[in-house]
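Coordinate inspection notes
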Amino acid sequence: MPVLAGEPDGTITHLNAAARTHLRALGLTVDVGDRAPAVLQDPHVQHWWVQWPDGPTSARLTRLPFRAHLQPLPDGWVLTLHPQRNTQDQAVFAEVMEQAPVGFILLDVPSGRVLHYNAQAEAILGHPVLPGDGVDAYSLYGAVHADGTPYRAHEYPSARAVQHAEAVRDEPLRYRRPDGQLIHLRVSSARVLDSDGVARVAVTLFYDVTEKVRARERLAATADHARRLFESLPQIVWVLDEHGAVLHFNARWAERTGLNVHPDGLSWMEALHPDDQAAAAAARREGFAQQQAYQVDVRFRTRDGAYRWHHCQVTPTPPMAGSPVRWVGTALDIHDRWVAEKRNQLLRDLALDLAAAHTIDAVHEVIRVNGRTGGVHATLHLHPDAPAHPPKADPERHVTDVRLPLVLGAETLGVLHIDFLGTRVLDARRVDFLQSVAAQCAQALVRVRAADAERAARQAFERAAALLHTSLDRAPVGFALLDTDLRYLNINPAMAAFNGLAVDAHLGRTVHDIIPDLAPQIRGLLEQVLAHNAPILDVPLTSQTPDAPGQTRHWRGHYYPVRLPNGDLIGLGALVTETTTLIRAEQQVRASAAQYRSLIDNFPGGAAILFDHDLRYVLVGGVGLTDIGLDPRAMEGRTLRELFPRDVADQLEGPYRGALQGERHTLEFRYGTRIYLCRVAPVRDEDGAVLAGLLISQDITDLKTAQAQMHRVNAQLEGLVERRTQDLQALHTELQSYTRAISQELFEPTRRIGSFLELLQRRLGPHLDDRGAQYFTLLKAEATRARELVQDLVHLAGVEQRPLRLETVPLDVLVAQVRSDLEPKLQVQQLTWDVQHLPVVRGDTLMLREALTSLLWNAVQVAASATPPEVHVRAETVGDAVRLHIQDNGVGMNAENVEALFDVRARPLTDAAPLGLANVRRIIQRHGGRVWAQSRVGAGTVVTVELPAGT
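Residues numbered from 1 in each chain as written. Predicted model: local features only at pLDDT ≥ 70, side-chain atom pairs only at ≥ 80, totals over all residues. Heavy atoms only, no water.

1. Regarding the overall build of the chain
- Along its length, the chain carries 24 helices and 38 strands.
- With 951 residues in all, the chain has 36% of them scored as buried.
- Look at the contacts in the chain between residues 6 or more apart in sequence, and 50% of them connect residues 24 or more apart.
- When the accessible surface of the chain is split by element, carbon and sulfur atoms take 54% of a total near 54,800 Å². (Helix = DSSP H or I, 4+ residues; strand = E, 2+ residues; numbered from the N terminus. Buried < 20%, exposed > 50% of the residue type's maximum accessible area, 1.4 Å probe, protein only. Contact = heavy atoms within 4.5 Å. Areas by Shrake-Rupley, 256 points an atom, 1.4 Å probe, with all protein chains shown as cover.)

Here it is, written out as structure tokens:
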């Protein structure tokens, strides 16, 4: 009940917990030392309903009814607040208690008579609450003690609360229901004071805890069973406290390790291998830090001093109420398994490495490396006669090495020698391990040998498959492989092109999917091939394809079953040749046959023959055929080899097939006593496709006879020409000799004439007038010209006689030397030379120097009339030849003079030696070259010399 007390000034000196709770629910935070609300300070407030005033601290409150009792005291006051429940609240309370999940009984005080109970009370007890006028009736209930004796009436918690005002809280009680079932209850019972502080009723609450009690009993039994199991487990088990200290080991610890408990704890770390102690401690630290289970593999020392591998698992247990966390650890002896797994791992690693070894050398390397990993030295001796010492299990015997025979079936491949690099005991497991290693090595060796043979066979197969694949891809016929459901497994480009789709578009799809228009024609054929396991050949097919709708195409198909080597049928193959072009050609040929028939039948002096792609004569005619006893009509429809002997057919078949490939051939052909000139050509349609071949033959027997007679006459003429040529060559030689002799005879007189004219001019010079001096100058010039003509005749004769000395000649150097030679004779003022980079040629240096001297001197003389005079020299390479261009800027000449420039009979156009350019032509021609000139009046002249290029 909420109670507050305070001083006269309103200061609160005391308030109980109920008062705090009720005032806080009203939104007022009141504590000792605070001043009470004004209404609480009113000494006139007696028994009435209190309305808390609206104000800063209670403005949000609703109207809550209280009955307040204010008791003034000499030194203060006491205020008691009585929350009131109206009739509606009482009904709600009754409904709540009726639906409560606990049993509820309302008792009268002090009689103990039952005033009210809820349905849950009846359900828990298994019977209605027994009627009675007082506590004595409680002895009829079924509460019993632990020994089975029933409760007496005054022992019930309700009786103690009613009679002695005892507040019973959650007291356990065993109760036997009318059906004999013993249940366990928790009972609370206490008096309830009214607003005046008078206890008029008592309340008893109870609930069924039978399942909890039984679960606790089961847990206790389980704990005892776990304790006994803990001690009887075959593996080592221990318990750690929250700090990691060992609290208890089961009996296996002492049995396995021989270690006992120290006064300050268990010496479990002493049993660990020194190399494993750090790992074990680290795992424990991490597990305790994370509060998670951990595991670690360590070696424990056994009684005999040997170490054995154990798998340790440590797991935290959920803490009990008020108890710290405990950790339970187990150690399972895995030594034998660890050794076996280690050996199995070694065998697996060895198997993987050997599987990756594709050569004998690689197998040697794998054995060596894996042996080193296992701490031994292992080598292979691949000699069938190598000595072997098969190991035998003997725990008492120590060995340093073993020699294991490598045997597979009845074949001995060699020996595996394993040097232990120390001593080992050969127990049965080690012997089995070594024999497994030897078996793997033998299998690897056999596999490598088989792989070598398989590799060679595969390479041969791949070459054959590649050849077949290439052949099929490039084949002009279509090929396809279909399974038994008529789905495409493989197809070559030609067949895919026939169908008008890409190769990939066929794979996995049926014939009906690809060519639905053609499928009805061939599906029955294909099913017949599969059903009868027999081929069907040369089937004509006609349809349209997706790439050319509305266009009819024709094929010839061949279908055959495809079997595995064991005879199982896996599908069928299809070879298809498109005959659309051929059929169209035949149709066109037949359509035009009538047009050509009259022309061919009347073809004069020979024959005209039209043949198809099978070399079958389609149209035959010509007057010449009847002349040799052949009937044109009888030839039509028959092939070349059906009509003619083998030697004749062999001569014609090549040109025939060439014509069908679009080629043209001409040949002379003898048949009987007649000779024919045959022309074989393709016959094309308007799109250019070859429809057929055409042979046109003309009887040339008379022509060949005339040609033979003409050849005889030509032979006679050639004999006459040869004799005349020999005579001319002899005459040419004599003329050369005569020219050389005349030149030598004329040279000396012309030289003397020049000398005497010089002397005469010196003697008569002072006595000559201007005209006489001019005459002397003209005489001297003519004498000089006569002497140069004689020199040119000598050179011209020498060019023909002098042998060539061929070598590599740099034109750059040669032109520079010629310019240097000409420099003293130059009378031309302000002459400009433009000489570009020149290549090398093949020739006689001296002869080429003479030729260039004449050409450059001629260019200088011609350019002298220009202002300023210029001579340009350049070259270019054309194929295997060098072309040297010498250009001047003189007056030029017309075409007639250009043609006569290098003619010995031509009149000289300059003051140069008249026969110099003729010598140039002879020199260049002897080098296998040529020389020519190009000129225009007023534009200068270009002389070009072509010589073989140097290397």
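This is not the end of the story, as more comes after the structure.
2. Topic: the pattern of salt bridges
- Summed over all chains, the structure comprises 20 salt bridges.
- A salt bridge links Arg-252 to Glu-255, with the nearest nitrogen and oxygen atoms 2.9 Å apart. In this pair, Arg-252 and Glu-255 are both assigned in helix α6 (residues 251-257), three residues apart and thus about one turn of the helix distant.
- Residue Glu-255 is classed as partly exposed on the basis of its relative accessible area of 43%. (Salt bridge = Lys/Arg side-chain N within 4 Å of Asp/Glu carboxyl O.)

3. Observations regarding helix α5 (residues 210-232)
- The end-to-end C-alpha separation of α5 is 33 Å, in line with the 33 Å expected for 23 residues at 1.5 Å each.
- Every buried residue belonging to α5 is among Thr-210, Val-213 and Phe-230, and all of these are buried.
- Tucked into the core, α5 has its buried residues touching β10 (182-193), β11 (199-208), β12 (236-240) and β13 (246-249). (Expected span 1.5 Å × (residues − 1).)

4. Focus: the packing of helix α8 (residues 335-356) against helix α9 (residues 360-373)
- As a packed pair, α8 and α9 sit with axes 9 Å apart at the nearest point and diverge in direction by 155°. With respect to α9, the axis of α8 lies roughly antiparallel. Once α8 is placed against α9, the crossing between them reads as right-handed. Of the residues in α9, those in contact with Asp-349, Leu-350, Asp-353 and Leu-354 of α8 are Val-363, Val-366, Ile-367 and Asn-370.
- Of the residues assigned to the contact of α8 with α9, the class counts are five nonpolar, one polar and two charged. (Axes fitted to C-alpha atoms, helices over the stretch in contact; angles between N-to-C directions. Parallel < 35°, antiparallel > 145°, perpendicular 65-115°, else oblique. Left-handed = near helix turned anticlockwise from the far one by under 90°. Nonpolar A, V, L, I, M, F, W, Y, C, P; charged D, E, K, R; others polar.)

5. Some words on the sheet that holds strand β35 (residues 870-878)
- Across the sheet, which stays open at both edges, the five strands sit in the order β33-β35-β36-β38-β37 with mixed pairing between neighbours. Of all the strands in the sheet, the pair left with one neighbour each is β33 (832-835) and β37 (930-936). Here the strands of the sheet are splayed against their neighbours by 15° on average, with no regard to which way each runs.
- Where strand β36 (residues 881-888) and strand β38 (residues 940-948) come together, seven bridges link them in antiparallel fashion. Among the inter-strand pairings, Leu-884 is bridged to a residue of β38, identified as Val-945.
- The strands touched by helix α22 (residues 845-863) are β33, β35, β36 and β38; relative to β36, the strand with the most contacts, the crossing angle is about 30°. (Pairing = 2+ DSSP bridges.)

6. Notes on the sheet that holds β11
- The six strands are arranged β7-β6-β11-β10-β9-β8 in an open sheet whose pairing can be described as antiparallel. Every interior strand has two partners, whereas the edge strands, β7 (114-117) and β8 (143-144), have only one.
- Looking at chain direction, strand β6 (residues 103-108) and β7 are connected through three bridges and run antiparallel. Within the sheet, the bridge partner assigned to Ile-105 lies in β7 and is Tyr-117.
- Packing against the sheet, helix α4 (residues 157-164) makes contact with β6, β9 (168-176), β10 and β11, and its axis sits at approximately 15° to β10.

7. As for the pairing of strand β27 (residues 606-611)
- By the criterion of burial, β27 is predominantly enclosed, with six of the six residues buried.
- Burial of β27 is two-sided: the residues Gly-606, Ala-608 and Leu-610 facing one way and the residues Ala-607, Ile-609 and Phe-611 facing the other way are all buried.
- In this sheet, strand β31 (residues 690-699) lies alongside β27 in antiparallel orientation, the contact comprising six bridges. Opposite Ala-608, over in β31, you have Ile-696 as the bridge partner.
- Two elements, β27 and strand β28 (residues 617-621), share four bridges in a ladder whose sense is antiparallel.

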